[in-house]
Amino acid sequence: MVAEHRSDTSGTATMPSPSEAQDRYARTEPVRGHRSRVAFRILAWLFVGCVLVQVLIAGLAIFDTPLRWSWHENFVHMFEYLPLILLVLAFTGRMPRRIRWVSFGAFAMIGMQYAFIGLARDLNIPAIAALHPVNAMLIFWVALFLARSARPA
């Protein structure tokens, strides 16, 4: 950021004093943090909605037609990185550490979804895949926690 110059009575340019620069920073920083928190809240609720849609698609694959499994496999790619974006926003919005850790945890839990399916196939132990829907419930609860924790400032 380029420092603003001010002119003294002799017409020469001088740098703002440290207290003036600090005051200017204090006025702009809460705005940035507020914007991050607003974006966090919107994206957290979007994450909740995406998880619900993902579960709906899985239900359609089970109860309507197995052709919907491809929808289930592909839809996750539209929102799997939302928790990482939430993590960045939690830092820029100066949100509590708990929110940062839970955002990271949500991303890790999505990774676990892939692991449960992959391990079940690779090890030929279908019971491991049974952890996939259980973890999906936990992801929903975590997403809901993040959305409800993002109170407007």
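Thresholds, definitions, all that
Residues numbered from 1 in each chain as written. Predicted model: local features only at pLDDT ≥ 70, side-chain atom pairs only at ≥ 80, totals over all residues. Heavy atoms only, no water. Helix = DSSP H or I, 4+ residues; strand = E, 2+ residues; numbered from the N terminus. Buried < 20%, exposed > 50% of the residue type's maximum accessible area, 1.4 Å probe, protein only. Core = buried A, V, L, I, M, F, W, Y, C linked by side-chain atoms within 4.5 Å. Contact = heavy atoms within 4.5 Å. Salt bridge = Lys/Arg side-chain N within 4 Å of Asp/Glu carboxyl O.

Engineer: Sorry if this is basic, but what is going on with unusual backbone geometry here?
Structural biologist: If a residue is not glycine, its phi is most likely negative; likewise, a peptide bond is most likely trans. In this structure, arginine 94 is a non-glycine residue whose phi angle is positive, near 50 degrees. With respect to the helices and strands, arginine 94 occurs in the loop between helix H3 (82-92) and helix H4 (97-123). Assessed through its relative accessible area of 56%, arginine 94 is described here as exposed. Phi angles above zero are rare outside glycine, and asparagine 124 is one such case at about 55 degrees. Note on placement: asparagine 124 falls in the loop between H4 and helix H5 (126-129).

Engineer: Looking at this structure, I do not really get the nonpolar core. What am I missing?
Structural biologist: Burial of nonpolar side chains together is a common tendency in soluble globular proteins. The biggest cluster of nonpolar side chains holds 25 residues, and the ones touching the most others in it are Phe40, Phe47, Phe79 and Leu146. Those elements giving two or more residues to this core turn out to be helix H1 (18-63), H3, H4 and helix H6 (131-149). Sort the elements by how many residues they give to this core and H1 lands first, with 7 residues.

Engineer: Teacher, can you tell me more about the side chain of histidine 132 here?
Structural biologist: Structurally, histidine 132 can be placed in helix H6. Overall, histidine 132 belongs to the buried group, its relative accessible area being 18%. With sequence-adjacent residues up to four places away left out, histidine 132 is seen in contact with His72, Gln113, Phe116 and Ile117.

Engineer: I tried to follow the pattern of salt bridges on my own but got confused; where do I start?
Structural biologist: Pairing of side chains with opposite charge becomes possible as their charged atoms draw close. Inspection of every chain in the model, using the stated rule, returns 1 salt bridge. We note a salt bridge from arginine 68 to aspartate 64, for which the minimum N-O separation is 3.2 Å. Judged by its relative accessible area of 22%, arginine 68 falls in the partly exposed class.

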